[in-house]
Amino acid sequence: MARLSDATLRALPEGIHRPGYDRTGTTVAIVHLGIGAFHRAHFAAYVDACLADDPGWAICGVSLRSPRTRDALAPQDGLYTLGVQSEAGLEPRIIGSVREVLVAPEQPGALLDRLADPATRIVSLTVTEKGYCHDPATGRLKSDHPDIVHDLAADAATADQPPVSAIGWLWLGLMARHRRGVPPYTILCCDNLPSNGATVRQVLLDYVALKDPDQAVWAAENLAFPSTMVDRIVPATTDHDRAMIAAALGAEDAWPVMTEPFSQFVVEDWFPQGRPKLERHGVTLTGNVEPFENMKLRMLNGSHSALAYLGYLAGHETVAQTMADASLRRLIGAMMTSEIIPTLSMPGDVDLPAYHDGLLRRFANPALQHRTYQIAMDGSQKLPQRLLGTIRDRLSIGEPIDRLALAVAAWIRFATGRDETGAAFTVQDPMAERFAALALPAAIEKDQPGRFDAEALATGFLGLTAVFGKDLPEDDRFHEAVVRALKMLCEQGSRATIAAYAKLGASQLEDTEV
Ligand code: CS2
């Protein structure tokens with residue numbers, strides 16, 4: 001079977017949507033750090049649409065570690081398939097906006113040239129929450145993070161000792177431009193962080209204060225960090241997806257990306273060096289992204305994480321399966337309606353109940369194989385912006401937090417690395433070793449793996465200040481609500497707990513014998 005590439009593009013079956021522009025006439029103006037599936041299903045797809053009327057915004061995608069994406073896409077001239085999946089079936093679309101893929105550790109010189117090139121006007125990022133090497137509870141750089149320690153020690157001026165962190169690369173590129181009198185690029189964070197532009201700005205400024213203190217004022221005054229809200233569900237690609245795409249294309253694509261029909265991108269309009277005409281292609285440009293970010297992080301991602309932990313414990317492999325569990329669906333719906341929506345204050349034209357309905361529909365998409373285990377990854381980096389901010393807001397006005405606390409308890413139970421049958425599984429999280437050390441003394445009997453003392457477990461995990469800060473663990477209402485939920489999970493199991501929380505009102509829970 002032929003491989004997808006510029007040469008085979010024309011031979012694809014007629015109905016397949018493909019770039020409506022001459023790819024050779026495009027020029028790279030965006031360098032994207034972290035060219036994973038999410039970027040290829042989201043920003044790169046918007047840029048692909050923009051290239052049809054403005055060829056000046058193609059993308060150079062960068063992998064900071066693994067060569068896998070480059071190895072898959074290079075023989076395809078950067079082309080790949082976006083497989084949009086719904087109940088109506090599969091709609092493949094060929095994306096042409098990625099003109100080049102670099103692997104930072106292998107091609108540091110080429111990457112530095114791209115970053116320093118005056119033609120580069122935006123550096124965007126999807127490096128996941130942990131990729132910013134920051135403390136999720138405070139939003140500040142972890143100066144003792146091994147990647148930051150490495151980058152701070154590396155030669156400041158060249159790529160001879162290339163950085164390993166995204167922050168290190170951002171700064172190396174900016175300094176190369178500064179020395180040559182080239183204006184700085186706009187830094188566009190597309191990760192699910194709270195106030196993501198401001199957060200990345202703070203992390204970068206913390207880095208500069210240590211690396212190049214003489215440039216701290218320049219950096220604070222001259223760089224642009226528009227905030228964004230990014231939304232599209234993108235499960236990891238499977239071999240089954242590859243086979244399905246090959247059948248539709250009649251050509252092989254080594255790494256297609258699968259997604260849902262829904263896509264949303266809200267961007268703060270702060271691009272001193274210009275930007276593609278995103279507003280023509282469904283992107284919302286606005287002065288204030290924060291309400292949208294809060295809505296999405298708390299409603300979608302907060303629910304996603306709750307579903308991931310509760311669902312995984314209850315034996316549901318995918319999000320669609322969690323939605324087919326009537327109790328879990330009811331519980332998540334109620335968590336959004338009763339505990340999350342009241343914390344949001346949105347512009348007048350945003351209909352939150354409709355957003356809630358839309359989310360339940362999207363989660364239920366049976367065509368998407370979105371694994372609960374995938375979403376459960378890196379909980380320590382996700383919980384603060386997804387669940388804990390909402391909990392803080394609720395506590396500050398004295399409102400109940402039972403369902404949110406159950407989600408936190410489910411995370412703790414998951415982080416023990418033992419499922420309810422006692423079987424061990426791998427917890428993927430930068431703090432996984434700490435979790436294992438906390439779970440060990442809370443195990444009830446060493447010969448009965450998977451049985452834990454809820455009180456001991458909660459006290460241990462809630463002491464993780466990098467996740468919970470200092471304030472939350474000291475709040476008795478929070479501590480009690482988490483312990484109550486964790487006790488039920490540990491003693492009665494996730495299914496019984498989900499059923500109880502789905503049925504009961506918050507005040508009744510307090511009277512329930514567990
Ligand atoms: C998910 C997100 O894996 C996860 O943590 O919650 O990737 C989610 O699918 C996206 O943010 C949707 O926009």
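Parameters at a glance
- Here, residues in each chain are numbered from 1, in the same order as that chain's written sequence.
- It should be noted that, the model being predicted, local features are given only for residues of pLDDT at least 70 and side-chain atom pairs only at 80 or more, the latter also being counted only at that level, while totals for whole chains, interfaces and linings use all residues.
- The side-chain values count all of the structure's non-hydrogen atoms but skip hydrogen atoms and water molecules.
- Numbering of helices and strands runs from the N terminus; a helix is a DSSP stretch of H or I covering at least four residues, while a strand is a stretch of E covering at least two.
- Buriedness for pockets is judged along seven lines, at least five of which must meet protein on both sides within 12 Å for an open set on the 1 Å grid over protein atoms alone, while cavities are sets there where a 1.4 Å probe fits but cannot get out, and lining residues have an atom within 4 Å of a point.
- Grid points are joined across faces, edges and corners, and a volume is the space filled by probe spheres set on the points.
- In this classification, Asp, Glu, Lys and Arg are treated as charged, Ala, Val, Leu, Ile, Met, Phe, Trp, Tyr, Cys and Pro as nonpolar, and every other residue, Gly included, as polar.
- Note that the domain bounds were set by an automatic or database domain assignment.
- The aromatic pairing rule takes the rings of Phe, Tyr and Trp, using the six-membered ring of Trp, and pairs them if the centres are within 6.5 Å, calling planes under 30 degrees apart stacked, those over 60 edge-to-face and the rest tilted.
- Throughout this description, buried means an accessible area under 20% of the type-specific maximum (1.4 Å probe, protein chains only), exposed means over 50%, and partly exposed covers the range between.
- Ring-over charges, as used throughout, are those where CZ of Arg or NZ of Lys falls within 6 Å of the ring centre and within 35 degrees of the ring normal.

(A) View of the environment of glycine 358. In this fold, glycine 358 is placed in helix H13 (residues 352-364). Measuring from C-alpha to C-alpha, the distance between glycine 358 and phenylalanine 262 comes to 9.6 Å, with 96 residues separating the pair along the chain.

(B) Molecular detail of the layout of surface pockets. Taken as a whole, the largest pocket holds about 1600 Å³ of empty space. The wall of the largest pocket is formed by 49 residues, among which Gly36, Ala37, Val127, Thr128 and Met377 lie closest to the centre. Only helix H1 (37-41), helix H3 (68-73), strand S10 (228-231), helix H10 (290-313), helix H14 (372-376) and helix H15 (379-396) provide two or more residues apiece to the lining of the largest pocket. Considering each element in turn, the lining of the largest pocket owes the most residues, four residues, to H10. By residue class, the composition of the lining of the largest pocket is 18 nonpolar, 18 polar and 13 charged. When residues of the lining of the largest pocket are sorted by domain, at least three fall in each of domain 1 (6-270) and domain 2 (290-511). Considering only enclosed or pocket space, the second largest pocket measures out at about 350 Å³ in volume. Around the second largest pocket, the lining is made up of 21 residues, and of these Pro136, Ala137, Pro194, Pro384 and Gln385 lie nearest the centre. Taken together, the elements giving at least two residues each to the lining of the second largest pocket come down to helix H7 (196-211), H10 and H15.

(C) Region of interest: the packing of aromatic side chains. Taken as a whole and judged by the stated rule, the model has 13 aromatic pairs. For the pair phenylalanine 414 and phenylalanine 425, a centre-to-centre distance of 4.9 Å together with 50° between the ring planes defines the contact as tilted. Residue phenylalanine 414 is located in helix H16 (residues 402-415), and its partner phenylalanine 425 is located in the loop between H16 and helix H17 (432-442); the two are separated by eleven residues in the primary sequence. Residue phenylalanine 414 is classed as buried on the basis of its relative accessible area of 2%. On the accessibility criterion, phenylalanine 425 (14% relative accessible area) is buried. Every member of this aromatic cluster is reached through a ring pair, and the members are Tyr309, Tyr312, Tyr373, Phe414 and Phe425. The side chain of arginine 40 reaches across the aromatic face of tyrosine 80, ending 4.7 Å from its centre.

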